[in-house]
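Take a look at the letters that make up each chain.
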Amino acid sequence: GQQVMQIPQYQHVQEGEDFTTYCNSSTTLSNIQWYKQRPGGHPVFLIQLVKSGEVKKQKRLTFQFGEAKKNSSLHITATQTTDVGTYFCAGPFAGNTGKLIFGQGTTLQVKP
Amino acid sequence: DTGVSQDPRHKITKRGQNVTFRCDPISEHNRLYWYRQTLGQGPEFLTYFQNEAQLEKSRLLSDRFSAERPKGSFSTLEIQRTEQGDSAMYLCASSTTSGSADTQYFGPGTRLTVL
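These numbers come from a predicted model, not from an experiment.

### Description of the nonpolar core
By size, the foremost hydrophobic cluster in this structure holds 21 residues, and its most contacted members are Ile32(A), Trp34(A) and Phe63(A). Ignoring sequence-local partners within four residues, the contact set of Phe63(A) consists of Trp34(A), Leu46(A), Ile47(A), Leu49(A), Glu54(A), Val55(A), Lys56(A), Gln58(A), Ser73(A) and Leu74(A). Core analysis: the next-biggest nonpolar cluster, separate from the first, contains 19 residues, Val4(B), Leu61(B), Leu77(B) and Cys92(B) among them.

Spelled out as structure tokens, the structure:
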């Protein structure tokens, strides 16, 4: 069945270091969405990418959608303790733009 | 607060009991989704509604689970004869259909513990 995989599962960095999480889909996606979940919280929408090769920036966060629309990445420059949490990518199920299939997430820990 | 709200936030129940959760979506959103999340995993799709119509139900959802959205506004998720394996966070999300993709906004979730 359709799958979305993320690596790594966990990442521990020193504050100020960069961080990247990678997302791969078994099928071509019409769009990809990224969410952040703080410990004890719920997923919060960060961004949506739609176009092949699209790159979007939000301050220190850079999101990229692959040319084949099957992979994506999130890069954080100069991490801060406020970046701690789990980052999920999610894509719509094939043939349906509504329900989402989520990756298992990458949990980021930042040491001050 | 105009975000998605869920009630209760926590529920502890004994195995075999029935539980019901409520979700109030963002008022102008016509789509409502239920997901389940266990520790260390991403949310898993359970079911979704467009207005009052339940359009899809995951194969993960056994017959013990039922969801309703009677007037196209709030929704309820009922689990009958709960089992320990039902322990999880139950998340509700809502969206509005626009163009080819809709952004889903999640509620705080209901954490269910089945003893």
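Here the narrative resumes, following the displayed structure.
### Looking at the interface of chain A and chain B
With 19 residues of chain A at the interface, the matching set in chain B holds 20 residues. Counting each side, the surface lost to burial between chain A and chain B is near 1600 Å², with a carbon and sulfur contribution of 51%. Here chain A is connected to chain B by 1 salt bridge. With its nearest N and O atoms 2.1 Å apart, the salt bridge here joins Glu56(B) to Lys99(A). At the junction of chain A with chain B, the criterion picks out 4 residue pairs in polar contact (both at pLDDT 80 or more). When contributions to the side of chain A that touches chain B are tallied by element, the ones reaching two or more residues are strand 4 (32-37), strand 5 (44-49) and strand 10 (100-102) of chain A. Sort the elements by how many residues they give to the side of chain A that touches chain B and strand 4 of chain A lands first, with 3 residues. Here the residues of the side of chain A that touches chain B are counted per class, giving 7 nonpolar, 11 polar and 1 charged.

### Concerning unusual backbone geometry
With an omega of -5 degrees, the peptide bond running from Ile7(A) to Pro8(A) counts as cis. Omega for the bond connecting Asp7(B) with Pro8(B) falls within 30 degrees of zero, at -5 degrees, which places this linkage in the cis form. For Pro8(B), the location among the structural elements is in the loop between strand 1 (5-7) and strand 2 (10-13). For Asn51(B), which is not glycine, the phi dihedral falls at a positive 55 degrees. Relative to the helices and strands, Asn51(B) is located in the loop between strand 5 (44-50) and strand 6 (53-57). Since its relative accessible area comes to 35%, Asn51(B) is described here as partly exposed.

### A word on the pattern of salt bridges
Within the structure shown, the criterion is met by 6 salt bridges over all chains. When the shortest N-O distance is used, the salt bridge between Arg60(A) and Asp83(A) registers 2.9 Å. With Arg60(A) in the loop between strand 6 (55-58) and strand 7 (61-65) and Asp83(A) in the loop between strand 8 (71-76) and strand 9 (85-92), this pair connects stretches of sequence that are 23 residues apart. The class of Arg60(A) is partly exposed, set by a relative accessible area of 23%. As a salt-bridge pair, Arg22(B) and Asp24(B) come within 2.7 Å of each other at their nearest N and O atoms.

### Comments concerning the environment of Phe65(A)
Residues and elements named next belong to chain A. With respect to the secondary-structure elements, Phe65 resides in strand 7. Judged by relative accessible area, Phe65 falls into the buried class, the value being 1%. The sequence separation of Phe65 and Glu54 amounts to 11 residues, and the corresponding C-alpha distance is 5.2 Å. Each residue touching Phe65, except ones within four places of it in the same chain, is listed here: Leu29, Asn31, Ile32, Leu49, Val50, Lys51, Ser52, Gly53, Glu54, Lys70, Asn71 and Ser72.

Scoring rules and cut-offs
Residues numbered from 1 in each chain as written. Chains lettered and ligands numbered in written order. Predicted model: local features only at pLDDT ≥ 70, side-chain atom pairs only at ≥ 80, totals over all residues. Heavy atoms only, no water. Core = buried A, V, L, I, M, F, W, Y, C linked by side-chain atoms within 4.5 Å. Buried < 20%, exposed > 50% of the residue type's maximum accessible area, 1.4 Å probe, protein only. Contact = heavy atoms within 4.5 Å. Buried area = accessible area lost by both parts, 1.4 Å probe. Salt bridge = Lys/Arg side-chain N within 4 Å of Asp/Glu carboxyl O. Polar contact = N/O pair within 3.5 Å; in protein donor to acceptor, adjacent residues only side chain to side chain. Helix = DSSP H or I, 4+ residues; strand = E, 2+ residues; numbered from the N terminus. Nonpolar A, V, L, I, M, F, W, Y, C, P; charged D, E, K, R; others polar.

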